[in-house]
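Summary of the model geometry
One-letter residues, chain by chain:
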Amino acid sequence: MIFTNQHIISANQFSHESLQILFQQADTLQKKLLQHGILSILADKVMATLFYEPSTRTRLSFEAAMNRLGGRVISTSHAKQYSSVTKGESLTDTIRTVQQYADVIVLRHTDKGAAEQAASVSTIPILNAGDGEGEHPTQALLDTYTILQETNTLDNLKIAVIGDLKYGRTVHSLAQLVNLFHNELFFVSPENLRIPDWIKSKITIPYTQTDNLAEIIPLVDVLYVTRIQKERFTDEREYEKCKGIYKITPDLLSAAKEKLVIMHPLPRVDEISPLVDSDPRAAYFRQVKNGMLIRMALLTLVFGKKL
Ligand code: NCD
């Protein structure tokens, strides 16, 4: 993929080569950041963040990334309540408006397919920061970068993704990226939260589906834990059935590999006991740090500034 002026909608846009370019850019930016806390690479650019759903990390890391690159940020963080959407404006009209003010739009929306719809009318790049139960490609990029940082490889890994695989958009994107390499996937979820067919149909590496977490813990190199996506359930009873179903505890981890990498896109509710936080294998806060760096890399490349 050539990054310049691209919309980033799905993980399926990425190849080995484009991941390598992105990760190299992130490494270079990290060195530059150590020398100068704020750079000026995007000093002539404005980024708009348009968020129709709650966010802490994704929005702040995009905004921190743009600030660290010397660019400017305009933002509506509660677009559903506070933008003209409440007056009945369509997403496409909103995009046609925001593109008059900014050079790139970071969009988080409640509906699967919203980023694609926005891209279809936008003259400036749309970066998908999560479209409902669809995808979250920039999270998957930082997750893949974290796996590489933690294990020194992206190949021959046994990777378990755990929890809400039906609604969890980060998993939908991550599965497609690890599928680019010679890995093995373990989809661990209760019956009613299995990985959807539209993702399974894209997976060409070996995979196993199970609801038995204890059984796969000793086998895997990466444990990617996710939150049950309460807000996506239409039937409260369905949520009650699977709430709190998996919990990573020190006890459970005693059977795991010494070099296991424990990840979580966050926010966590009760899927990982806080007692695990001091385990050196817990990578989820290092993962957070990589978020800003990967988003800096992506923004610079989208503006054609390869370092
Ligand atoms: C995730 C999301 O919004 O999909 N959060 C994030 O961006 N890091 C995961 C979640 O909300 O559970």
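For clarity, every value in this text was computed on a predicted model and none was experimentally measured.

Section: the packing of aromatic side chains
- Overall, the coordinates contain 6 aromatic pairs when judged by the stated rule.
- Both rings, one in Phe-187 and one in Tyr-207, keep their centres 5.5 Å apart while their planes meet at 65°; by these two values the pair is edge-to-face. A residue pair is termed long-range when its members are at least 10 positions apart, and Phe-187 in strand β6 (residues 184–188) and Tyr-207 in strand β7 (residues 207–210) qualify at 20 residues.
- Judged by its relative accessible area of 1%, Phe-187 falls in the buried class.
- Aromatic pair Phe-233 and Tyr-239: ring centres 5.5 Å apart, planes at 70°, arrangement edge-to-face. Like Tyr-239, Phe-233 is buried.
- Through a chain of ring-to-ring contacts, three or more aromatic side chains come together here, namely Tyr-167, Phe-233 and Tyr-239.

Quick look at the layout of surface pockets
- When its volume is computed, the largest pocket comes out at roughly 590 Å³.
- Taken together, 30 residues line the largest pocket, and the ones lying closest to its centre are Arg-57, Thr-58, Arg-108, Leu-266 and Pro-267.
- Of all the secondary-structure elements, those providing two or more residues to the lining of the largest pocket are α2 (57–68), α6 (137–151), α7 (169–178) and α12 (284–302).
- Per-element tally for the lining of the largest pocket: the top contributor is α12, with 6 residues.
- Split by residue class, the lining of the largest pocket holds 9 nonpolar, 13 polar and 8 charged.

Some details on the site of the ligand
- Around the ligand sit Thr-58, Arg-108, His-136, Gln-139, Arg-169, Thr-170, Arg-227, Gln-229, Pro-265, Leu-266 and Pro-267, and that is every residue in its neighbourhood.
- Between the ligand and the protein, one listed contact pairs a nitrogen atom with a side-chain N or O atom of Gln-139 at 3.1 Å.
- Contacts to the ligand include Gln-229, whose side-chain N or O atom sits 2.8 Å from an oxygen atom.
- Computed on the free molecule, the ligand has an accessible area of 320 Å², of which 93% lies beneath the protein chains in the complex.
- Assessed atom by atom at 2 Å from the grid points, the ligand resides in the largest pocket.
- Here the shell around the ligand is built from residues that sort into 3 nonpolar, 5 polar and 3 charged.

Rules of the game
- Residues numbered from 1 in each chain as written.
- Predicted model: local features only at pLDDT ≥ 70, side-chain atom pairs only at ≥ 80, totals over all residues.
- Heavy atoms only, no water.
- Phe/Tyr/Trp six-rings, centres within 6.5 Å; stacked < 30°, edge-to-face > 60°.
- Helix = DSSP H or I, 4+ residues; strand = E, 2+ residues; numbered from the N terminus.
- Buried < 20%, exposed > 50% of the residue type's maximum accessible area, 1.4 Å probe, protein only.
- 1 Å grid on protein atoms, 1.4 Å probe; cavity = no way out; pocket = protein on both sides within 12 Å on 5 of 7 lines; lining within 4 Å.
- Points joined across faces, edges and corners; volume = space filled by probe spheres on them.
- Nonpolar A, V, L, I, M, F, W, Y, C, P; charged D, E, K, R; others polar.
- Near = heavy atom within 4 Å.
- Polar contact = N/O pair within 3.5 Å; in protein donor to acceptor, adjacent residues only side chain to side chain.
- Areas by Shrake-Rupley, 256 points an atom, 1.4 Å probe, with all protein chains shown as cover.
- Sits in = over half its atoms within 2 Å of the grid points.

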